[in-house]
Amino acid sequence: MFCDALTMYYKIKSLPAYFEPWNELASSLPDLIREKKLRDAVAELPLLDHNQLREYSEWRLAHLQLSLITAGYVWQNGDKGVTQVLPKSLAYPFFNISSQLGLQPVLSHADLALANWSIIDQNGPYDFENLECLYHLPGGKAADWFCMVTFMVELSFAKCMQSIVRILELLGSAGNLSAGVARHEEQTETEVSQCLQQVSTAMNTMQDSLARMRDNLEANVFFNVIRPFLSGWGGDTNPLPEGLIYEGISDTPVKLTGGSAAQSTTLQVLDALLGIKHIQDKREFLVRMREFMPPEHKHLIEYIEQLPYTLRDFVTSSSNQVVKAAYNHAISTLTELRDYHIQIVKMYVVLPAKKANEGNYESLDNKGTGGTSLIPFLKDIWADTRERLLADNQTSLNASDGHSSVAGLTVLAALAAAAVILGFSAVSALRR
Ligand code: HEM
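Just so it is clear, the model here is predicted, and its values are computed rather than measured.

How each quantity is defined
- All residue numbers refer to positions counted from 1 along the written sequence of the respective chain.
- Reporting in this predicted model follows two pLDDT cut-offs: at least 70 for local features of residues, and 80 or more for side-chain atom pairs to be given and counted; totals over whole chains, interfaces and linings ignore these cut-offs and use all residues.
- Helix and strand definitions here come from DSSP, where helices need a minimum of 4 consecutive H or I residues and strands a minimum of 2 consecutive E residues; each element is numbered from the N-terminal end.
- Neighbour density around each residue's C-beta defines its exposure: 20 or more other C-beta atoms within 10 Å make it buried, 12 or fewer make it exposed, and counts between make it partly exposed, where C-beta atoms are placed from the backbone.
- Residue pairs qualify as contacts under a 7 Å threshold applied to their C-beta atoms, which are placed from the backbone.
- By definition, a nonpolar core groups buried Ala, Val, Leu, Ile, Met, Phe, Trp, Tyr and Cys residues that connect through C-beta atoms lying within 7 Å of each other.
- A helix is expected to reach a length of 1.5 Å times the quantity of its residues less one.
- Bend angle per residue: angle between axes fitted to the 7 residues ending at that residue and the 7 residues starting there.
- Every axis corresponds to a line fitted to the C-alpha atoms, with the helix fit spanning only the stretch in contact, and the corresponding angles, defined between N-to-C directions, vary from 0 to 180 degrees.
- Working definition: roughly parallel below 35 degrees, roughly antiparallel above 145 degrees, roughly perpendicular at 65 to 115 degrees, and oblique for all remaining angles.
- Nonpolar residues are Ala, Val, Leu, Ile, Met, Phe, Trp, Tyr, Cys and Pro. Charged residues are Asp, Glu, Lys and Arg, and all others, Gly as well, are polar.
- UniProt positions are given in the numbering used here, feature names are shortened, and annotations may be inferred rather than shown by experiment.

From N to C terminus, the chain includes 19 helices and four strands. Counting the 432 residues in the chain, one finds 43% classified as buried. In the chain, the share of contacts with a sequence separation of at least 24, taken over all contacts with a separation of at least 6, comes to 83%.

This is the structure we're talking about:
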């Protein structure tokens, strides 16, 4: 189902002829950045009418192109050569396209991981050998590999979306039957267990995909060559502390977090499903990251979070050891995935940051995109996950977690939301 949606989404690799100046610039980005000629090329760019874009995929592709050109424009000359104003020919369409899509006018996960791929042989499998990047960051094949691996992590997750939707459906019907009382049909428990097992399998595959990062991406290349272009603007330690002015939109600079896979929907959907609670600054950060997701992705997380029945309540109020074990297994698998991700962050960010800076981006240190202190922050999120493991004797639970009313949305609505996960929606009618 999701793979069909994938191929449907990518019928185009470039924008229609009217947008050729954007196509050309986006295609020659690494060369122009290396020769430090991108700003000159942007100066020649005509102001194009973004309303000439037609279907959803064109709008997303335009966002991808303009986000990459913007990142190149700002960071081309290193952290000491940043520019405070994005010229109108770039800023005006980029800002408006972003508003139209409900995305931010900055290079983000929705661009690099979700929208920057193409399948080589349409009849072939979705694997590393049969995928390629549409557009390229500085860093050559290593940068492409970074995008592809991140995409494959997303794809691994997409495979369990149907199981997640089925769990929600089963919980909904169990909730309607028993109105909160612990009375679940054995068959329902068995099916929930099976679906949970599929979710755990998908998480294992996500980790396997993430592990492939090491195959073709060296830490110093990621840290010194690729990562600077993922930076945002605004904040005390940022080379653009006041933010970036989008000429033609406003004279007030805009502060924006840069691109990070923390903007991925995957782990936040899993947190919502499994009832993992992050508090204070952790939750604030993760909720802020939702503003960088396609709106349908954000709505899916919010939908699961506000359901009146939770998987955790279902499991803890059951005496069925199989469903409890399946839930605990899912929590352990997610804990393990987060643990593995922390190793990746140490390898690609913390360790290179300790070495002498090799590039022109000294001030973009080992703080996270949100200015967070990385490892303690990620370890807290990891600990919140592990903390939700059920103890052996934990078989009943008070109706907790503040869910009391009947959800207004049906599981069908969740299915619709799920169908657009990853942005590979067949939905082409944009809200104009
Ligand atoms: C070279 C590879 C990667 C590096 C260096 C990296 C780095 C980071 C950093 C520094 C953070 C802290 C928040 C921030 O600063 O934005 C973070 C958070 C996060 N990253 Fe990654 N990341 C990598 C790959 C991935 C991939 C492929 C995914 C999956 C799609 C992912 C998912 C997440 C999530 C979900 C968070 C939020 C914390 C959490 O929920 O555990 N990362 N990452």
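The nonpolar side chains of soluble globular proteins are, as a tendency, buried together. Membership of the largest hydrophobic core comes to 112 residues, with the highest contact counts inside it found for Ala62, Ile69, Ile164, Ile167, Leu273 and Ile304. The residues touching isoleucine 69, leaving out its near neighbours within four places in the chain, are Leu25, Ala26, Leu29, Val42 and Leu90.

Notably, lysine 36 is not glycine yet its phi reads approximately 55°, a positive angle. Structurally, the position occupied by lysine 36 is in the loop between helix 3 (29-34) and helix 4 (38-43). One non-glycine residue, glutamine 280, lies in positive phi territory at about 50°. Relative to the elements of secondary structure, glutamine 280 occurs in helix 14 (residues 280-289). Look at glutamine 280 and you get exposed, because 8 C-beta atoms sit within 10 Å.

Now for helix 17 (residues 321-354). Each full turn of the α-helix corresponds to 3.6 residues, which orients residues three or four apart in the same direction. Its 34 residues give helix 17 an end-to-end C-alpha distance of 47 Å, which sits within 8% of 50 Å, the value for a rise of 1.5 Å per residue. Of all the bends in helix 17, the greatest measures close to 40° and is centred on lysine 346. Among the residues of helix 17, Val323, Ala326, Tyr327, Ala330, Ile331, Thr333, Leu334, Thr335, Leu337, Arg338, Tyr348 and Pro352 are the ones counted as buried. Among the structural elements, helix 10 (186-211), helix 12 (219-226), helix 13 (266-274), helix 16 (311-316) and helix 18 (374-386) are those in contact with the buried residues of helix 17.

Here we take up the packing of helix 17 against helix 18. Running from N to C, helix 17 and helix 18 cross one another at 175°; their axes reach a closest spacing of 9 Å. When the interaxial angle is binned, helix 17 and helix 18 end up roughly antiparallel. Contacts between helix 17 and helix 18 involve Ile331, Leu334, Thr335, Arg338, Asp339, Ile342, Val345, Lys346, Val349 and Val350 from the first element and Leu374, Ile375, Leu378, Lys379, Ile381, Trp382, Thr385 and Arg386 from the second. In terms of residue class, the contact of helix 17 with helix 18 is made up of 11 nonpolar, two polar and five charged.

According to UniProt, the feature "binding site: heme b" (unreviewed entry) maps to His341 in the numbering used here. The exposure class assigned to histidine 341 is partly exposed, which follows from the 19 C-beta atoms found within 10 Å.

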